[in-house]
Protein chains: 2
Amino acid sequence: MSDHDPVHVLHPEEAWGFLRSHEFGRLAFHLVGEVHITPINYAVDGERLVFMTAEGSKLFGVTANTDVAFEVDEIVGERATSVICRGRARTLEGQAAYVVERLPVRPWVDTPKSVVVAIEVDEISGRRFDLTRPWLRDLPTG
Amino acid sequence: MSDHDPVHVLHPEEAWGFLRSHEFGRLAFHLVGEVHITPINYAVDGERLVFMTAEGSKLFGVTANTDVAFEVDEIVGERATSVICRGRARTLEGQAAYVVERLPVRPWVDTPKSVVVAIEVDEISGRRFDLTRPWLRDLPTG
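What you are looking at is a predicted structure, and each value in this text was computed from that prediction instead of being measured.

### Section: the side chain of B:His22
All names here are of chain B.
Argument step 1. Assignment of secondary structure puts His 22 in the loop between α1 (12-20) and β2 (24-31).
Argument step 2. Within the structure, His 22 has its side chain in polar contact with the backbone oxygen of Phe 18 (distance 2.8 Å).
Argument step 3. Residue contacts for His 22: discarding those within four places in its chain leaves Tyr 42, Val 72 and Glu 74.

### Looking at the side chain of B:Arg26
Argument step 1. With respect to the element layout, B:Arg26 can be found in strand β2.
Argument step 2. A polar contact of 2.7 Å, which involves the side chain of B:Arg26, links it to the side chain of A:Asp73.
Argument step 3. Residues contacting B:Arg26, with those up to four places away along its chain left out, are A:Arg26, A:Ile37, A:Glu71, A:Asp73, B:Ile37, B:Thr38, B:Pro39, B:Ala69, B:Phe70, B:Glu71, B:Val72 and B:Asp73.

### A few points about the pairing of strand β7 (residues 79-92) of chain B
Residue and element names in this part refer to chain B.
Argument step 1. For β7, the buried fraction is high: ten of the 14 residues fall into the buried class.
Argument step 2. In this structure, β7 lies alongside strand β8 (residues 115-130), joined through 14 bridges in antiparallel fashion. Note on β8: the bridge partner recorded for Ser 82 is Arg 127.

### Some remarks on unusual backbone geometry
Argument step 1. Here the phi dihedral of A:Val32 falls at roughly 50°; this positive angle occurs in a residue that is not glycine.
Argument step 2. Relative to the assigned elements, A:Val32 resides in the loop between β2 (24-31) and β3 (34-41).

### Notes on the interface of chain A and chain B
A common measure of how large an interface is: the accessible area buried when the components associate.
Argument step 1. Each side of the interface is counted separately: chain A has 41 residues, and chain B has 41 residues.
Argument step 2. Buried surface at the junction of chain A and chain B, summed over both partners, amounts to about 3,500 Å²; 67% is from carbon and sulfur atoms.
Argument step 3. The interface formed by chain A and chain B holds six salt bridges in total.
Argument step 4. A salt bridge links B:Glu71 to A:Arg26, with the nearest nitrogen and oxygen atoms 3.6 Å apart.
Argument step 5. Inspection of the region where chain A meets chain B yields twelve residue pairs in polar contact (both at pLDDT 80 or more).
Argument step 6. Among the secondary structure elements, those contributing two or more residues to the side of chain A that touches chain B are β2, β3, β6 (67-76), β7 (79-92) and β8 (115-130) of chain A.
Argument step 7. Among the elements that take part in the side of chain A that touches chain B, β6(A) stands out by supplying seven residues, more than any other.
Argument step 8. Broken down by class, the residue content of the side of chain A that touches chain B amounts to 21 nonpolar, eight polar and twelve charged.

### Remarks on the relation of the copies chain A and chain B
Argument step 1. Each copy superposes on the other: chain A lies on chain B with an RMSD of 0.0 Å after a rotation of 180° and an axial shift of 0.0 Å. This pairing of chains is accounted for by a two-fold axis. Across chain A, the rotation axis passes nearest the C-alpha of A:Ala28, at a separation of 3.0 Å.

### Examining α1(B)
Residues and elements named next belong to chain B.
Argument step 1. Along α1, the residues classified as buried are Ala 15, Trp 16, Phe 18 and Leu 19. The buried residues of α1 occupy an angular sector of 155° when projected down its axis, which confines them to one face.
Argument step 2. Looking at the buried residues of α1, the elements they touch are β4 (43-45), β5 (48-53), β6 (67-76), β7 and β8.

### A look at the confidence of the model for chain A
Detailed reading of the predicted model is not advised wherever pLDDT is low.
Argument step 1. When pLDDT is averaged along chain A, the result is 92; 94% of the residues meet or exceed 70.
Argument step 2. Mean pLDDT per element in chain A: helix α2 (residues 57-64) of chain A is the minimum at 90, and helix α1 (residues 12-20) of chain A is the maximum at 98.

### Side note on the environment of B:Lys113
All names here are of chain B.
Argument step 1. Following the sequence through the fold, Lys 113 ends up in the loop between β7 and β8.
Argument step 2. The residues touching Lys 113, leaving out its near neighbours within four places in the chain, are Met 52, Thr 53, Ala 54 and Pro 107.
Argument step 3. At 3.0 Å, the side chain of Lys 113 and the side chain of Thr 111 are in polar contact.

### Focus: the pattern of salt bridges
Argument step 1. Tallying each qualifying case throughout the model produces 32 salt bridges over all chains.
Argument step 2. We note a salt bridge from A:Asp122 to A:Arg88, for which the minimum N-O separation is 2.6 Å. Here the residue A:Asp122 occupies a position in strand β8, and A:Arg88 occupies one in strand β7, the gap between them amounting to 34 residues.
Argument step 3. By relative accessible area, A:Asp122 is classed as partly exposed at 47%.
Argument step 4. Its relative accessible area of 41% is what places A:Arg88 among the partly exposed residues.
Argument step 5. Overlapping salt bridges bring together A:Arg26, A:Glu71, A:Asp73, B:Arg26, B:Glu71 and B:Asp73 as one network.

### What to know about the packing of aromatic side chains
Argument step 1. All chains considered together, the criterion is met by four aromatic pairs over all chains.
Argument step 2. Here the aromatic rings of A:Phe24 and A:Trp108 are separated by 5.3 Å at their centres, their planes lie at 15°, and the arrangement is stacked. Residue A:Phe24 is found in strand β2, and its partner A:Trp108 is found in the loop between β7 and β8; the two are separated by 84 residues along the sequence.
Argument step 3. The ring of B:Trp108 carries the charged tip of A:Arg133 above its face, separated from the ring centre by 4.3 Å.

The rules behind these values
Residues numbered from 1 in each chain as written. Chains lettered and ligands numbered in written order. Predicted model: local features only at pLDDT ≥ 70, side-chain atom pairs only at ≥ 80, totals over all residues. Heavy atoms only, no water. Helix = DSSP H or I, 4+ residues; strand = E, 2+ residues; numbered from the N terminus. Polar contact = N/O pair within 3.5 Å; in protein donor to acceptor, adjacent residues only side chain to side chain. Contact = heavy atoms within 4.5 Å. Buried < 20%, exposed > 50% of the residue type's maximum accessible area, 1.4 Å probe, protein only. Pairing = 2+ DSSP bridges. Buried area = accessible area lost by both parts, 1.4 Å probe. Salt bridge = Lys/Arg side-chain N within 4 Å of Asp/Glu carboxyl O. Nonpolar A, V, L, I, M, F, W, Y, C, P; charged D, E, K, R; others polar. Least-squares fit on C-alpha atoms with pLDDT ≥ 70 in both. Arc of directions from axis to C-beta. pLDDT = per-residue confidence, 0-100. Phe/Tyr/Trp six-rings, centres within 6.5 Å; stacked < 30°, edge-to-face > 60°. Lys NZ or Arg CZ within 6 Å of the ring centre and 35° of its normal.

Below is the structure:
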């Protein structure tokens, strides 16, 4: 193990900044007592995350048990960043759903999604990792 | 919405192939009734996933409730692939833990990890998405 700590904790403001500069992450949720995970596109609105979905198991899950976790990460060269949130999901209805009109909630996949869900973030933590992947040196180059 | 379906379901063999060709994903697990998510490095061993960890909340969580979900994804140009597994985690001890000697379980971050955990996969599903991100056309080029 090297002398310096390869794990750096992000300040909450840095973690929020990282979330704001991305739009793709993974949502973990309860479904009938099981844990499930799915990729989603999201946008940040103050201290909550907003995403769109269709009727289905994801929506059923977060409606039945609002406890969710969410992760966004990025690997650039020998540095990885991961931000993790925990919070409560709720469906936005009526006027509240119009928040998407002023947010960059941009689904990447062209399938119908009419339900707007917000995740009120209770906890956020971000870490930056210095990676050690000596095996990459063995890759052919040029 | 365009005429063709932008979502393609992968054959299970394709999904396993995708898992074998990657080594970084996100583990969702129960912890004291909550759902948590964390990035991990893993390797595939037959029909299970193997990863290393330290004593801590992740290990405590998967020991107390073995139900877990796992996701690996990749975005290349206008195509995204996501493979999701669900299964049961268990700690490998004694001789069983030596499986890591013959697997490419390669933690990217140089911190102590002495516990070997296997996820027996019960369900696997993979999808490939054709992305529609017209806003990327607005990005400056050159």
